[in-house]
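# Coordinate inspection notes
Residues per chain, in single letters:
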Amino acid sequence: MKPLIVFLGLLFTSTLAFSQSSLLGRNIFSEGSFDIFGESRLLPIGWNLPDKHDRPWQAGFRAEIVRGESGTRELRIVSPDSTGFTGANARLTLPENIERLRVSYRILAKNIEIGEENPGGNGAGVFLRFLDESGKPLPALGWVAGMIVATNTEWSEREQIYSVPAAAKELTIEVIFRNATGEIRVDDIEVVPVSMSE
Ligand SMILES: [Ca+2]
């Protein structure tokens, strides 16, 4: 009997180790393609967009899912006002033991005009926040330079590696357009574990 238990124990341990290491280098945020729709067909699964009940809408901001030239769907945000902000957000439950993540996305920006310099940052980009077990935000990472666009650009990729705080259980992913006018398109947001603890 004993050898069998040891065998099963080893099997379980190695399966666990395999399932964790197999996350390395893989995108764990498939919703970042904006292409996965539920039955409603109105919004891609996992995303919240401001609607007519939110203030940004009243100021003329528009955030919507459109079909891009590539034929897949992407997020489009139009900002007519350089003194406010709007965005879309999603949440991701983090697998355990992730030490570092690489977050990348593609963005196109046109007709960008930056408003008066704001301490919160001007431009557009992907903004992350880690949440603890109770859903409380851990100290903000701020407006990470490598993830922001503040001038016009053809489709281009931005990426950044983040250390995951030990207490982090969830991640919020926000696409924000702030204190600038113009239009952005965003697609292929990926979250890829690049190192994990044993
Ligand atoms: Ca897409």
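Residues numbered from 1 in each chain as written. Predicted model: local features only at pLDDT ≥ 70, side-chain atom pairs only at ≥ 80, totals over all residues.

Once that is clear, we can look at the nonpolar core. If you look at the biggest cluster of nonpolar residues, it comprises 32 residues, and the most contacted ones within it are Ile107, Ala124, Val126, Val175, Phe177, Ile184 and Val186. Of all the secondary-structure elements, those providing two or more residues to this core are β3 (73-79), β4 (85-93), β5 (98-114), β6 (123-131), β9 (170-178) and β10 (180-196). Here this core takes seven residues from β5, the largest share from any one element. Among residues more than four places away in sequence, those in contact with Val186 are Glu74, Leu75, Tyr105, Ile107 and Val175. (Core = buried A, V, L, I, M, F, W, Y, C linked by C-beta atoms within 7 Å. Buried ≥ 20, exposed ≤ 12 C-beta atoms within 10 Å, placed from the backbone. Helix = DSSP H or I, 4+ residues; strand = E, 2+ residues; numbered from the N terminus. Contact = placed C-beta atoms within 7 Å.)

Strand order in this open sheet of five strands is β1-β4-β9-β6-β7, and the pairing throughout is antiparallel. The open sheet terminates on both sides in strands that have one partner only, identified here as β1 (47-48) and β7 (148-149). Relative to β4, β1 is paired through two bridges, and the arrangement is antiparallel. Across the sheet, the residue bridging to Trp47 is Ala90, located in β4. (Pairing = 2+ DSSP bridges.)

Mapping Leu108 onto the fold places it in strand β5. Separated by 47 residues in sequence, Leu108 and Trp155 place their C-alpha atoms 4.4 Å apart. Apart from the residues lying within four places of it in its own chain, the contact partners of Leu108 are Thr153, Glu154, Trp155, Ile184 and Arg185.

Attention now goes to the environment of Ile173. By the element assignment, Ile173 lies in strand β9. For Ile173, a count of 22 C-beta atoms within 10 Å translates into the label buried. Discounting chain neighbours no more than four positions away, the residues touching Ile173 are Asn89, Ala90, Leu92, Val126, Leu128 and Ile189.

In this section: the pairing of β4. Of the pairings in the sheet, the one linking β4 to β9 comprises nine bridges and is antiparallel in character. Its bridge partner being in β9, Thr93 is matched across the sheet by Glu170.

Among the structural elements, Leu128 can be located in strand β6. Linking Leu128 and Tyr162, residues 34 residues apart in sequence, is a C-alpha distance of 9.4 Å. In contact with Leu128, not counting residues within four places along its chain, are Val103, Leu141, Tyr162, Leu171 and Ile173.

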